[in-house]
Amino acid sequence: MFSNLSDLTVVEAASFVAGPSCGLHLVQMGARVIRVDPLRGGPDFHRWPLAAGGQSLFWEGLNRGKLSICLDLSRPEGRELAQALIAAPGPGRGLFITNQPESGYLSHAGLSVLRADLISLRIQGWPDGRNAVDYTINAALGVPFLNGPEDLDPGVPVNSVIPVWDLQAGALAAFQLLAAERQRRLTGTGAELEMALSDVASTTLANLGMLAEVQEGGDRSRSGNALFGAFGRDFICADGRRVMIVAITPRQWMGLLAALDVTAQVATLEAELGISFATDEGNRFQHRHRLFDLIEAAVSLWDFPTLAAQLDRQKVCWEPYQTIAQALGPESSFRRNNPVFAETRQASGMTYAAPGPAIRMTDAPRGTPAPAPVLGQDAEQVLGEVLGLTTSEIADLHDRGIVG
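Residues numbered from 1 in each chain as written. Predicted model: local features only at pLDDT ≥ 70, side-chain atom pairs only at ≥ 80, totals over all residues. Heavy atoms only, no water.

*Asks:* Which parts of the structure should I look at to understand unusual backbone geometry?
*Replies:* The amide bond that connects Trp-48 to the next residue, Pro-49, takes the cis arrangement and shows omega of 0°. Within the secondary structure, Pro-49 sits in the loop between strand E2 (32–38) and helix H2 (57–62). Phi is positive for Asp-261, which is not a glycine, with a value near 60°. Looking at the element boundaries, Asp-261 is found in the loop between helix H9 (250–260) and helix H10 (263–273). Note on Asp-261: relative accessible area 64%, which makes it exposed. Phi at Lys-315 is positive, roughly 55°, even though this residue is not glycine. Inspection of the secondary structure puts Lys-315 in the loop between helix H13 (304–313) and strand E9 (317–320). (Helix = DSSP H or I, 4+ residues; strand = E, 2+ residues; numbered from the N terminus. Buried < 20%, exposed > 50% of the residue type's maximum accessible area, 1.4 Å probe, protein only.)

*Asks:* Help me understand the pairing of E2 in this model?
*Replies:* Working note: regular strand, side chains alternate between the two faces of the sheet. Within E2, 5 of the 7 residues are buried, leaving the element largely enclosed by the surrounding structure. Strand direction decides the pairing type here: strand E1 (residues 9–13) and E2, joined by 4 bridges, are parallel. For Val-10, the partnering residue across the bridge sits in E2 and is Val-33. Since E1 and E2 lie parallel, the crossover through helix H1 (residues 18–28) that links them has a hand, and here it is right-handed. Relative to strand E3 (residues 67–71), E2 is paired through 5 bridges, and the arrangement is parallel. Looking at E3, one finds that Asp-37 is bridged to Cys-70. You can see the chain leave E2, run along H2 and come back into E3, and the turn it takes is right-handed. (Pairing = 2+ DSSP bridges. Right-handed = clockwise from strand over helix to strand, strands pointing away.)

*Asks:* Looking at this structure, how should I read the sheet that holds strand E7 (residues 231–236)?
*Replies:* Adjacent strands of a sheet form backbone hydrogen bonds with each other and so pair up, either parallel or antiparallel. Across the sheet, 3 strands lie side by side as E7-E8-E9; this open sheet has antiparallel pairing. At either margin of the open sheet sits one strand with a lone partner, and together these are E7 and E9. Strand-to-strand, the axes of this sheet are offset by a mean angle of 15°, without reference to chain direction. For strand E8 (residues 242–247) and E9, the ladder comprises 4 bridges, and the chain directions are antiparallel. (Axes fitted to C-alpha atoms, helices over the stretch in contact; angles between N-to-C directions.)

*Asks:* Which parts of the structure should I look at to understand the environment of Thr-390?
*Replies:* Secondary-structure assignment places Thr-390 in the loop between helix H15 (379–387) and helix H16 (391–399). With relative accessibility at 37%, the residue Thr-390 sits in the partly exposed group. Distance in space between the C-alpha atoms of Thr-390 and Glu-380 is 9.0 Å, their sequence separation being 10 residues. Within the structure, the side chain of Thr-390 is placed 3.1 Å from the side chain of Ser-392, a separation counted as a polar contact. (Polar contact = N/O pair within 3.5 Å; in protein donor to acceptor, adjacent residues only side chain to side chain.)

*Asks:* Sorry if this is basic, but what is going on with the pattern of salt bridges here?
*Replies:* Should the charged atoms of two oppositely charged side chains come close, the side chains can pair. Enumeration according to the criterion identifies 19 salt bridges in this entry. Residues Asp-128 and Arg-130 are paired through a salt bridge, measuring 3.0 Å at the closest nitrogen-oxygen approach. Given a relative accessible area of 47%, Arg-130 falls into the partly exposed group. Ionic pairing is found between Asp-396 and Arg-400, a salt bridge with its closest N-O pair at 3.0 Å. (Salt bridge = Lys/Arg side-chain N within 4 Å of Asp/Glu carboxyl O.)

*Asks:* Would you explain the side chain of Arg-335 in this entry?
*Replies:* Tracing the backbone shows Arg-335 in the loop between helix H14 (324–327) and strand E10 (341–345). Under the relative-accessibility criterion, Arg-335 is labelled buried at 18%. A distance of 3.4 Å separates polar atoms of two side chains, one belonging to Arg-335 and the other to Glu-343.

Okay, here's the thing in structure tokens:
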């Protein structure tokens, strides 16, 4: 972990992916992030996948390096402590991330009474406050009708596996929070920030040209495993290994033809169609089925090791298909000699490769990724350092069940 944001303290009261991933990004860049949870954990505390002992590896992964305090938020004293932590005085404090509703004790209006320059960032499903998750946003946007085989019934949706809007919202939220904190340093004013998953998703599709696309020509049809707008698809070697091959640039395209020794065959097809595949990637997609037949036949003549050597020699963009277990094994290209990962013993009792930030800074040392906390383990530290409570005051809160 880096130390760029070591002067910032952020309070997080959020569950699931977007809010916790925002806090994780900030932790990895050095901020102190205090996670406030109810006594037995939030609604994501037992979310799958689980360790053998029942602990959530999901929760553990998104909360590495954070401080944890548990409060009885059903009681006024617990809610008041949460508010005091969020609005604690001092430079670099007064930063709050949540995905809880606007109304109630965590409202920006109520919290800003305690600290006028508070910056709160609230992640929502829809701008009007309705609930949503990636799956429902994707359904509303039509994304599942782009997934799946070309010959699938157009009315049958295929859901996506990775919660991409949640993850993008988390990264964007971290950026927006830091932008507001920078503005506060210049002007002394706080900010109430709101971000809806629906807006993250719809604006992303629009940024990719898909809003203009449907206005111009209607919905895009499925293209299966083919790369939309260029050349790319999965192919099977003579020994049954499956590889993904992509050729976007002219150099990649010419290298692929040379590697498979099909330059002459493709030139014949170009002459027949009166087009150039080398200069226009759109032509490769428009006539992909003719090209797929040629490339498929050529790939099927080579076993995997020979094909791999040929593709690498010509600097083709390609990778073999593999499972997640294969991809993240200790000898994989993702893990081998990669300083992003470090073996870390976690709160679940497991020791495994935990990632730090994906970015590399050539002039800054990369610290070891910290484990996730045991739920509530940092209550004394947080209450003492942030609120200045004494040991006896903290003990009294424990005795009365307000602090877990």
